[in-house]
Structures are given as structure tokens and as C-alpha cells.
Number of protein chains: 2
Amino acid sequence: MEFGLPRGVRDFLPSEMIRREYVINVIKNIFECYGFEPLDTPAFENFEILAAKCGPEVKEQIYYFKDKSGRELGLRFDLTVPLARVIAMNPNFIKPFKRYCISKVWRYEEPQKGRWREFYQADIDIVGSESMLADAECVACVIDVFKKLGFDDFYVRINNRKLLDALLIDLKVPKEKVVDVFRVVDKTEKVGIDGVRNELMKMGLKEKSVNEIISIIKINGDIGVLKKIEAKNELIKEAMDELVQFTRFMEMFGMKDYIKIDLSLTRGLDYYTSIVFEVTYKKYNKSIAGGGRYNNLIKIYRGQDIPATGISIGVERVIEIMEEEKMFNLPKTTTQIFVAPVSNDVMDKALKIAQILRKTGKKVETELMNRNLKQQLDYCNKKGIEKVLIVGKKDLENGEVTLRNLKDGKETKVKIEKICEIL
Amino acid sequence: MEFGLPRGVRDFLPSEMIRREYVINVIKNIFECYGFEPLDTPAFENFEILAAKCGPEVKEQIYYFKDKSGRELGLRFDLTVPLARVIAMNPNFIKPFKRYCISKVWRYEEPQKGRWREFYQADIDIVGSESMLADAECVACVIDVFKKLGFDDFYVRINNRKLLDALLIDLKVPKEKVVDVFRVVDKTEKVGIDGVRNELMKMGLKEKSVNEIISIIKINGDIGVLKKIEAKNELIKEAMDELVQFTRFMEMFGMKDYIKIDLSLTRGLDYYTSIVFEVTYKKYNKSIAGGGRYNNLIKIYRGQDIPATGISIGVERVIEIMEEEKMFNLPKTTTQIFVAPVSNDVMDKALKIAQILRKTGKKVETELMNRNLKQQLDYCNKKGIEKVLIVGKKDLENGEVTLRNLKDGKETKVKIEKICEIL
């Protein structure tokens, strides 16, 4: 029998789970500190819902299946579409609705380093507020997550799709080509300015327009760079105003220095309507989080505009970087103490001691394999359990056990009634 | 567009998530106190692995699909089969391997009260130990989980499949009918002794055999009831010995009184080989956890017997009972404090105060909708946020804000520099 794993997915063994759960707990905690609440949705949705606004590329990546009644289903490929569906189904939700979700999503992509077919995302979204303060809060929250995880070398690129949109229309780029221009521009970090220029030329745009686009997307820096743009019409003005407001709020959060206006940032997904953001880890020049405002997405599930904004942390990449940069400083095991009976006839006492420690919340293992003491200590060394309580007949006669620290080999006698104080 | 949920699955809105996460955290914590470590596996497995030993009924319930390369996959229907696959793939695992997993599984069953197509299980398993101490530890751990959750009215039924097996063979029940007899006997709690008698007669067993089976499965009570059984052969003796050992270990854990020998307990699944257990919540006469020893399961993925035992908590039923019995005493929201700016020009200060509180780990929301104070307080009442810090211009001139408790309506002035002490 083929007993392997399906291609592109992984098991998480305990030592990996400890790191993974640490990261998820930090994220979860900071999310809650910013007033986001947990929401969970099923692993699969009606296929129609998933396919409605994901773009052709992502649609191809959906794990599609039919249930036994012929319903067309698909595994979710992100956490935003299910959120939009929840809002559409709960029209009387209290505004603003601030939810987080840290969970698995699935995409049928060619696996490669850091890219898996099953992976975690950690999202926060705010539904119901039009204010740029909502966008700023999402970004501030994620900045705090990265600070808490020990990242110190990152920045947040900001743009407004509306601004780019308006500038392109002003340049007389045909409407149907605007989205394509976005896709090309989105690759600036990857292929460089010249690469973008080439691709734009290939699209059949006039050289003058291409030059103008290039000079626009080269604009980056602090909020002052917006001065380079002429507020020719209302849309351009509105878009620049939003960036100014956003920056002002980031200043109030004390986080203005993380922000960098970058007119080459578009973000791939079709559903963004206004401000977009992306967190870049400098050393690797890699995106570790990204998002933006999507005021039209919920409308496709219920015919009503509902403003929404959000950001998603790439949990897998974050863990990858933290591993490569040796940012984890965690034990190999969740177990804190091993209670080791020297012989079978003290098992009774060993179990009682284990139960006492467990009552105080200690994470305790006892011997289950009937091994001798040496074998038990070997096991603890292999597992990375540091503290061993050796329960032997002689010690017991004195109401004692021996606490052995496997790190330094030191042993101390401990009175049984004082175990909880000492450990 | 059909924007609903697929049949049989649910969203968990924040107030439900708070209860759900509370239960999961209690379970997780007690699992770790007993030295179990987290393991996670993908949502889907190769279909062949899932179908290998699940029995025809469960096989029908697997969500089956093909990926784009034609691989046959299925969503996992339990957490035990993936564990067996992990062990088979990691032959050099350290023994004993004690893992827990609290996660979703999927079964295509007809939905009904308390039965969903996506649901949580919480499992602990010990792989590599043959000792009844391993079985006893699993049961002890789960007893502690239920105690911690506030259940006080439950017991654990115990049987040994080997014993029933040996007794049936001794009664000359044809080998191929033994599993069917198990299935019928398993329904004793549901259909009663007479119902079981009828079904056994229908199977074509001799009346004398049926009467003997009935008198066997009527045996229940403390370990003393085993005296009613004659140790006619080695297998019967071995099986009774295991029950005696198990009970002795439960006594060492100080939990003997929860245990009840019940020869009618068989547990549906095919893969159990020895002791089986089931936790029953008395008031509803419903199973809330169950498991047993399965020494042959891993063998089908790798040609080698590896002893294993485990127990699974029915998380959905546990939550259902806790809701019906009003055992939850939790806030409606994770948010602890709302910082309410009275006007727009104090937003700056409000955000700064929120950030100070967040730094100390407090869960804080601020106004994102540009609402007036009354509207903000209405929002907090609806959401169940108790504490509101009102930030107004006048107070600020005195270096103060107003703390309002929405539960009793009381207000107190708080110096800004003392906010963290007071909250």
C-alpha cells in the first residue's frame, strides 16, 4: 500500500508544532489586543462562492469536489471569501465587525520551497467602517505582531489602487487594460523597472504612456512624495487624501516610520478597491503580510456595498524566516517533568506524585514501558525533558524523591510534601 | 447566487468561538499535563489509506475527490488513521509516542441534532507501549478533562474485546459472525437487552448460545463481577488479567470509582483488539468519549505490529451538553476595554491610550465609525464590552479620562499615567 502523504502537504511533528503554536499564539494574542474576535468557517464552501471573484488563476487552484448529492464544493483558498459570505448571510451584524481567523487554506499549486498545497493564513478584517483608521489599525496590529515575534527589519509599502487607476485613466490607458497594467506593475519588485517597461510595451501601450507609467511607479518614499503628483481630477485628489489620512493615523499609532509610499504596489487580487499594503522583510526582500481595502467584495454575495478592509499574515513564510534566522528559542517538548519509578513496586507512589504535580498545572510524563532507570533517563535525554523526579524505595522511606536535572546532571533530594513548591 | 453554506456544516461566530476555544483550551492543557504532545496532519489523505480499515459504513461517509493529477484523495474522517499513517512513515519514532490532536474531521452523514458533517475531535493516543498503564493513563487524562470542564456526573464503561471474543468462540459462535455479534451487542444501551436478543436470534444463532450471550453481556459492575466468568482457557484468562491490571492502575490514579466493567460494551470500529472504554454522561445517558487499544491498525500501513491505545473526546457533544446545562460562564466578547473619544480632535490621545493598554496585554477596541459617545456606548452594550474609557477634552486638560462601567453605570475619573495600574 502507498502509505505516503499526498503531494504538497505535510505532517507537523511535535517539535514543529511547538514552534508553530508559539507563532500562532503570539499572533492570536496581538489580534485580540486590537479588539479582533475569532470567527471560524468550514473547510469547504459552495464552489460558486469560491469561484465568484477569485480570478482565473486562483480558480484553477481550487480543490474541487462533489458531495454524494452532487453539490459542487471546494476547499477554501483564502479566509476573505468565507468572511464575505458570512457577512452576506448575517445582514444584521453589529458594525464594525472585527474578526480574526488563523486557519488552514488549500491551493493546488506546484509545490516549491516555502509553497505548500495546505498552509496557514492569519487574517484580520474590519467590516463596516469606511474610515482610513480601520486600515491603519489593521496595519498597526500586524506591525505589533512582527515586533512581538522578534522581527525588527521590515517596512510596510502602501499604495492606493484608486490613485493608480485614476492616473492610468488620465493617461488614456483603455479601461479594459487597467487591470492588466496592475498585474504587470505588481511584478516591479520581482522583474525590476526595465522588466515592467518591456511587458507594458508588449501590451501595445504607447511609448509615451509607458514612460509616464514608469515615472509614476518609480515614486516612493514618505508621504511627501505625493507632491510629485498633480491633483488633476477629483479621483486623484480623493485617492491622495486617503493616503494622507492613513499616514496621519499611523502617526497617531506611533508607527509612521514603518510606512513607505510605493506607487508600484498593486497586489494581485482583483477585489481591492482603495488602499493596499504589503509588509516586506528587508533582509530577504520578501512579503510577509499583505492586504487592503475591498469595498465591493461583499456586494457580489449580497447586492449592497459594504466597506471592508483587512490584512493577511503569511504564517508559513514567517515560520520559515524565523527558522532560518534562528529566532526560535523554545523547548523541544511541552513536557516539563518526567517521574521515573526505579522499580515496579514504587509505581503506585510515582503515579500519585505525577497526579499531584498535574493538579498544579505541571506537564508531567511517567514511565509507561516498564524500563529501568537508565533507559528512562536515555528517553528523557532524547526527548529533551530536563527535569526527572526519580522515585526509589530508599528515598521514599525518608519521604523523599530525587530531582535530577539532565542539563547539568545535578541531583537534589526533595521532600514529597514540598514537591509543588520546588518545581 | 446561492450564498449559503453547504448542507451539514456551520460557521462559528465570535460568541460561539469563545465557548469553543475555552473547551479546546481546557482539553489541550490537561492533555499536555499528562505528557501528550501536539501533532497535526493534513485535512486530506490518500483515499486508499482512509479506506483501508474503516469498515464499509464509514467508507461511504468519506468526502472523496481527485486532485488535478488524478490522485484519489479523501478528507480525514477521524484522527486515528492519520496517526497510524504518521507512525508508519516514521519508523524510528521515539517510544512511547504520546500525541494529542484537537482538530476537524469530516463525514458525509445525514445531519441531525448534534451531528454535523464537519466536527471537532480531541484525541490522545499512546503508541509503542503494551502496558495497561498506557490505557489507564488515557482514561485518567480524559476523566481529568471532564472534571475540569465541570462535569460531575459521568462514568467510564470498560470491557475487553478479547474477552468477549474468547467467550463467543467458546460458545461455538462461527468466527465470521463474531464481528456481527459485536455490532449487535454494541447497541445494548440503545435497544435494550430484548432488542439485542431479537437481533441475535435473527442472525441464526442457536437459542442456547443467544441465552448465554445475553447472560454474559448482562454482566456489569465493579471488577468483582469477573468472578462470574469461568477462566476456561488462556485467552479468557489473559483478557480478564488485562481488566484487572487496568483497574489496578486506575486505583493508583485515584480514579477507580469512575470505572464500571460492562461486558455489553464493544465499540463499533473494527480495529480495536483488547480493552475498550466509553465515557457516559449519566443525565443524558450519552457517550462523550470513547476509545480502546488497537494493536493491529498500524500493521496495515507497515507490516509490523505496533501496540497502540487511545481515546477520543466528542467535542461537539461536550459543547452541546455544556450549553444545555448552562455550564458556560464566559463573556460574550474577548474585548475588555473600549476607548471612546468624545470628539474627533481627541482621537490622537484616544489611540495613544489604547496603545498603552495594549502593550500591557489588555484587549482593547477603539472607535472606528466616527460615532458620537451615545452611539459608542450603545455599541459596547450590544457587544457586551463592560469597561469604557471615555476620552474627553475637559478631562484631558486635567490629565484624566473617565472610566465607565456599563454593568452598573458607575463612573470614575482616572489619571492617565495610572491607567495601567487601575485596569
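Only a predicted model underlies this, so the values are computations on that prediction, with no experimental measurement involved.

1. A look at the overall build of chain A
Next, step 1: Scanning chain A from terminus to terminus reveals 15 helices and 17 strands.
Next, step 2: Scaling as 2.2 N^0.38, a compact globule of 423 residues should have a C-alpha radius of gyration of about 22 Å, whereas chain A reaches 28 Å, well beyond that.
Next, step 3: If one aligns the C-alpha atoms of chain A with their principal axes, the spans along those axes are about 90 × 55 × 45 Å.
Next, step 4: Out of the 423 residues in chain A, the part that is buried amounts to 46%.
Next, step 5: Counting only contacts in chain A whose residues sit at least 6 apart along the sequence, the fraction spanning at least 24 positions is 67%.

2. Description of the environment of Ile158 of chain A
Residue and element names in this part refer to chain A.
Next, step 1: Examined against the element boundaries, Ile158 turns out to sit in strand 7 (residues 154-160).
Next, step 2: Each C-alpha atom of the pair Ile158 and Val339 lies 55 Å from the other, and the pair is 181 residues apart in sequence.
Next, step 3: Non-local contacts of Ile158, meaning those with residues more than four positions away in its chain, are made with Leu243, Phe246, Ile259, Lys260, Ile261, Asp262, Ile275 and Phe277.

3. So, helix 11 (residues 315-324) of chain B
Residues and elements named next belong to chain B.
Next, step 1: Looking only at helix 11, the buried set comprises Val315, Val318, Ile319 and Ile321. Down the axis of helix 11, the buried side of the element spans an arc of 165°, and every buried residue falls inside it. In helix 11, those exposed residues whose orientation departs by more than 90 degrees from the buried face are Glu323 and Glu324.
Next, step 2: Contact partners of the buried residues in helix 11: helix 1 (14-33), strand 6 (118-127), helix 5 (132-149), strand 10 (275-281), strand 11 (286-293) and strand 12 (308-313).
Next, step 3: Just beyond helix 11, the residue with positive phi is Lys326, at close to 50°.

4. Focus: the sheet that holds strand 13 (residues 337-341) of chain B
Residues and elements named next belong to chain B.
Next, step 1: Here we have 5 strands laid out as an open sheet, ordered 14-13-15-16-17, and mixed in their pairing. Where the open sheet ends on each side, the last strands, each with one partner, are strand 14 (364-366) and strand 17 (411-415). Sheet twist, expressed as the average angle between the axes of neighbouring strands with direction ignored, equals 25°.
Next, step 2: With 4 bridges joining them, strand 15 (residues 387-391) and strand 16 (residues 400-405) adopt antiparallel strand pairing. Within strand 16, the position partnered with Lys387 by the bridge is Asn405.

5. Details of the environment of Asp395 of chain A
Next, step 1: By the secondary structure assignment, Asp395 of chain A is in helix 14 (residues 393-397).
Next, step 2: Setting aside residues up to four positions removed in sequence, Asp395 of chain A forms contacts with Glu400, Val401, Thr402 and Lys413 of chain A.

6. Some details on the confidence of the model for chain A
Next, step 1: Chain-level statistics for chain A give a pLDDT mean of 94 and a share of 99% at 70 or above.
Next, step 2: Scoring of the predicted complex yields 0.95 for pTM and 0.94 for ipTM.

7. Quick word on the nonpolar core
Next, step 1: Counting 254 residues, the largest nonpolar core has Val139, Val142 and Val339 of chain A together with Val139, Val142 and Val339 of chain B as the members making the most contacts within it.
Next, step 2: Aside from chain neighbours lying at most four places away, what touches Val339 of chain A is Ala350, Ile353, Ala354, Val364, Thr366, Leu389 and Val391 of chain A.

8. Topic: the sheet that holds strand 13 (residues 337-341) of chain A
Residue and element names in this part refer to chain A.
Next, step 1: Across the sheet, which stays open at both edges, the 5 strands sit in the order 14-13-15-16-17 with mixed pairing between neighbours. On the outer flanks of this sheet lie strand 14 (364-366) and strand 17 (411-415), each paired with one strand and no other. Averaged over all pairs of adjacent strands, the angle between their axes in this sheet comes to 25°, without regard to strand direction.
Next, step 2: With 3 bridges connecting them, strand 13 and strand 14 associate as parallel partners. Considered in strand 14, the bridge of Val339 is made with Thr366.

9. Description of helix 5 (residues 132-149) of chain A
Residue and element names in this part refer to chain A.
Next, step 1: An ideal rise of 1.5 Å per residue puts 26 Å on 18 residues; helix 5 measures up with 26 Å between its terminal C-alpha atoms.
Next, step 2: Most of helix 5 is tucked away, with 16 of its 18 residues classed as buried.
Next, step 3: A positive phi of about 100° marks Gly150, the residue just after helix 5.

10. Comments concerning the domain arrangement of chain A
Next, step 1: Partitioning chain A into structural domains gives domain 1 (1-130 + 295-330), domain 2 (151-287) and domain 3 (337-422).
Next, step 2: When each unit is reduced to the centre of its C-alpha atoms, the spacing between domain 2 of chain A and domain 3 of chain A is 61 Å.

11. Concerning the packing of helix 1 of chain B against helix 11 of chain B
Residues and elements named next belong to chain B.
Next, step 1: For the pair helix 1 and helix 11, interaxial distance at closest approach is 11 Å and the crossing angle is 120°. When the interaxial angle is binned, helix 1 and helix 11 end up oblique. Pair helix 1 / helix 11 crosses with right-handed handedness. For the pair helix 1 and helix 11, contact is made by Arg19, Arg20 and Val23 and by Val315, Val318 and Ile319, respectively.

12. Description of the packing of helix 5 of chain B against helix 10 (residues 234-252) of chain B
Geometry of a packed helix pair, given as the angle between the helix axes and the separation of the axes.
Residues and elements named next belong to chain B.
Next, step 1: Two elements in contact, helix 5 and helix 10, have axes separated by 9 Å at closest approach and are oriented at 50°. Taken together, the axis directions place helix 5 and helix 10 in an arrangement best described as oblique. Crossing angle aside, the handedness with which helix 5 passes helix 10 is right-handed. Between helix 5 and helix 10, the residues in contact are Met132, Leu133, Asp135, Ala136, Val139 and Ala140 and Glu242, Gln245, Phe246, Phe249 and Met250, respectively.
Next, step 2: Residue composition of the contact of helix 5 with helix 10, by class: 8 nonpolar, 1 polar and 2 charged.

13. A word on the pairing of strand 15 (residues 387-391) of chain A
Residues and elements named next belong to chain A.
Next, step 1: Where burial is concerned, most of strand 15 is hidden: 4 out of the 5 residues are buried.
Next, step 2: Relative to strand 15, strand 13 runs parallel, the two sharing 5 bridges. Note that in strand 15 the partner of Ile337 across the bridge is Lys387.

14. So, the relation of the copies chain B and chain A
Next, step 1: Superposing chain B onto chain A requires a rotation of 180° together with a translation of 0.0 Å along the rotation axis, leaving an RMSD of 0.0 Å. Seen this way, the second copy is the image of the first under a two-fold rotation axis. Of every C-alpha in chain B, the one belonging to Phe65 of chain B sits nearest the axis of rotation, 2.7 Å from it.

15. Comments concerning the pairing of strand 6 (residues 118-127) of chain A
Residue and element names in this part refer to chain A.
Next, step 1: In terms of residue burial, strand 6 counts as a mostly covered element, since 9 of its 10 residues are buried.
Next, step 2: In terms of strand pairing, strand 5 (residues 97-106) meets strand 6 through 10 bridges, oriented antiparallel. From the neighbouring strand, Lys98 faces strand 6, where its bridge partner is Ile126.
Next, step 3: Here strand 6 pairs with strand 12 (residues 308-313) via 6 bridges, running antiparallel. Looking across to strand 12, one finds that Asp125 is bridged to Gly310.

16. Observations concerning unusual backbone geometry
Residues and elements named next belong to chain A.
Next, step 1: In this structure, Pro96 follows Lys95 across a cis peptide bond, with omega equal to -5°.
Next, step 2: With respect to the element layout, Pro96 can be found in the loop between helix 4 (80-89) and strand 5.
Next, step 3: Residue Asn285 is not a glycine yet carries a positive backbone phi of 50°.
Next, step 4: Tracing the sequence through the fold places Asn285 in the loop between strand 10 (275-281) and strand 11 (286-293).
Next, step 5: A tally of 9 C-beta atoms within 10 Å means that Asn285 is categorised as exposed.

Conventions used here
Residues numbered from 1 in each chain as written. Chains lettered and ligands numbered in written order. Predicted model: local features only at pLDDT ≥ 70, side-chain atom pairs only at ≥ 80, totals over all residues. Helix = DSSP H or I, 4+ residues; strand = E, 2+ residues; numbered from the N terminus. Rg over C-alpha atoms; globule rule 2.2 N^0.38 Å. Buried ≥ 20, exposed ≤ 12 C-beta atoms within 10 Å, placed from the backbone. Contact = placed C-beta atoms within 7 Å. Arc of directions from axis to C-beta. Pairing = 2+ DSSP bridges. Axes fitted to C-alpha atoms, helices over the stretch in contact; angles between N-to-C directions. pLDDT = per-residue confidence, 0-100. Core = buried A, V, L, I, M, F, W, Y, C linked by C-beta atoms within 7 Å. Expected span 1.5 Å × (residues − 1). Domains from an automatic or database assignment. Parallel < 35°, antiparallel > 145°, perpendicular 65-115°, else oblique. Left-handed = near helix turned anticlockwise from the far one by under 90°. Nonpolar A, V, L, I, M, F, W, Y, C, P; charged D, E, K, R; others polar. Least-squares fit on C-alpha atoms with pLDDT ≥ 70 in both.

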